[in-house]
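So you can see what is in the structure, the chains are spelled out below.
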Amino acid sequence: MLWIMRLSGFFSAAVVMIVLSPSMQSFPPAEAIRSSSNLDTYSPLNRFSFRKSSPFRNADECTTRNSKLGKKPGSICDPSLVHVAITLDVDYLRGSIAAVHSILQHSLCPESVFFHFLVSETNLETLVRSTFPQLKFKVYYFDPETVRSLISSSVRQALEQPLNYARNYLAGLLEPCVRRVIYLDSDLVVVDDISKLWTTRLEGKTIGAPEYCHANFTKYFTSNFWSNEGFSGTFSGRNPCYFNTGVMVIDLVKWRRFGYTKRIERWMQIQKSGTRIYELGSLPPFLLVFAGHVAPIDHRWNQHGLGGDNVRGSCRDLHPGPVSLLHWSGSGKPWLRLDSKQPCPLDTLWAPYDLYGQ
């Protein structure tokens, strides 16, 4: 554990504790695994320039752990791998690269982490490989037309982008041998060993996430929803709590077996048909299907809301308690505020993972 600096100003001199991985030295991940899809038709490098990451290697105990299990990190189906899914979008690319960098820096066994990148644009694979030359990863093309007709207007335009809904389709996009995946948003950094999140017990549930049962759950749906017993009755017999879909551990075997993608799409179809039952992008359909059936994960794994609300993006403090993941959900993104020379105090905790620029 490492105690982070005493912060002033907005924190009123409160001490922020961030739990870091036991080892901070650089470990290089193993060689890249190329996507079977040929997505490299144009280069976005004329717009983006990222520094090459330092190499990251497994600690000695990782080799011992795998040898005892008779496992050698290798193909995508290797059961010893930790699988992480992140979207790559041009507007959030800087955040995605920082998220990957943070995971590698704090992983005891970074060579055992396999990244699944979801894209709707081409040639981002080349950029990732040039930034992380030895990274284990694969790029998956998500066709925006898959979901475009189901998306309704939201409180913020960024929430209406098709790639924001790609998490709904992970079970079909990833190989059948991938039985579990950690889904992460692009506006966060991990400051602990990702394997701790990976080994979360789901207790028979399909997804695990930090829950926030003190939040006003009714505000995530309209009066049209709550006044219609056919809609609101979906929560009958459940104890639904708000959870943020930017950090989830997903049992893909159960997801495939029970067809949760179709269940989410049904609620989106109802919303799109003219009966407006929610306002906030891709979150409410997830709540409708899973709220009350979520394996609770420690709040340290999603210190969310650091981007402020969905309109003003004002500065916010950390929630009380230890921190394993910092999440700038909301409209304020740390790279934009840092570039504008008007950062919030916590944005400086994101900056060390930023590889943008020469």
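See the structure printed just above.
Residues numbered from 1 in each chain as written. Predicted model: local features only at pLDDT ≥ 70, side-chain atom pairs only at ≥ 80, totals over all residues. Heavy atoms only, no water.

(A) Here's a closer look at the state of the cysteines. Enumeration over the complete set of coordinates arrives at 4 disulfides. Residue pairing for Cys213: its cysteine sulfur links by disulfide to Cys241, the two sulfurs lying 2.0 Å apart. Residues Cys213 and Cys241 are joined by a disulfide whose S-S torsion is about 100°; by sign, that bridge is right-handed. One end of the pair, Cys213, is in the loop between strand 9 (211-212) and helix 6 (223-226); the other, Cys241, is in the loop between helix 7 (229-232) and strand 10 (242-243), with 28 residues separating them in the sequence. Paired by a disulfide, Cys315 and Cys344 hold their sulfur atoms 1.9 Å apart. Across the S-S bond of Cys315 and Cys344 the torsion is about -85°, and the bridge reads as left-handed. With Cys315 in the loop between strand 12 (294-296) and strand 13 (325-327) and Cys344 in the segment after helix 11 (334-339), this pair connects stretches of sequence that are 29 residues apart. On the basis of relative accessible area, Cys315 is assigned to the partly exposed category, the value being 30%. The cystine pairing of the protein chain, numbering bonded cysteines in sequence order, is 1-3, 2-4, 5-6, 7-8. (Disulfide = S-S within 2.5 Å. Helix = DSSP H or I, 4+ residues; strand = E, 2+ residues; numbered from the N terminus. Buried < 20%, exposed > 50% of the residue type's maximum accessible area, 1.4 Å probe, protein only.)

(B) Molecular detail of the nonpolar core. Formed by 49 residues in total, the largest nonpolar core has its most connected members in Leu170, Phe221, Phe243, Ile250, Trp255 and Phe290. For this core, the element with the highest residue contribution is helix 10 (residues 283-290), accounting for 6 residues. Aside from chain neighbours lying at most four places away, what touches Phe221 is Trp226, Phe235, Ile277, Tyr278, Pro284, Leu287 and Leu288. In terms of nonpolar packing, the next biggest core, distinct from the first, is built from 40 residues, Val82, Phe137, Leu197 and Ile297 among them. (Core = buried A, V, L, I, M, F, W, Y, C linked by side-chain atoms within 4.5 Å. Contact = heavy atoms within 4.5 Å.)

(C) Layout of helix 9 (residues 260-272). Taking 1.5 Å per residue as the helical rise, helix 9 with its 13 residues ought to reach 18 Å, and the 19 Å between its terminal C-alpha atoms agrees with that figure. Within the span of helix 9, buried status applies to Tyr260, Thr261, Ile264, Glu265, Trp267, Met268 and Gln271. The arc that holds the buried residues of helix 9, viewed along the axis, is 160°, so those residues lie on one side. For helix 9, the elements touching its buried residues are helix 6, helix 7, helix 8 (252-258) and helix 10. Positive backbone phi, approximately 120°, marks Gly274, located one or two places after helix 9. (Expected span 1.5 Å × (residues − 1). Arc of directions from axis to C-beta.)

(D) The arrangement of the packing of helix 9 against helix 10 in detail. Direction vectors running N to C along helix 9 and helix 10 enclose 120°, while the axes themselves pass 9 Å from each other. Here helix 9 lies oblique to helix 10, going by the angle between them. As helix 9 packs across helix 10, the resulting crossing turns out to be right-handed. Where helix 9 abuts helix 10, its residues Tyr260, Arg263, Ile264, Trp267 and Met268 lie against Pro285, Phe286, Leu288, Val289 and Phe290. Looking at the contact of helix 9 with helix 10 residue by residue, the class counts come to 9 nonpolar, no polar and 1 charged. (Axes fitted to C-alpha atoms, helices over the stretch in contact; angles between N-to-C directions. Parallel < 35°, antiparallel > 145°, perpendicular 65-115°, else oblique. Left-handed = near helix turned anticlockwise from the far one by under 90°. Nonpolar A, V, L, I, M, F, W, Y, C, P; charged D, E, K, R; others polar.)

(E) Highlighting the pairing of strand 5 (residues 137-141). For strand 5, a buried count of 4 out of 5 residues is recorded, marking the element as mostly surrounded by other parts of the structure. Judged from the 5 bridges that link them, strand 4 (residues 113-119) and strand 5 form a sheet pairing that is parallel. Across the sheet, the residue bridging to Phe115 is Phe137, located in strand 5. A crossover connection joins strand 4 to the parallel strand 5 through helix 3 (residues 124-131); in handedness this β-α-β unit is right-handed. (Pairing = 2+ DSSP bridges. Right-handed = clockwise from strand over helix to strand, strands pointing away.)

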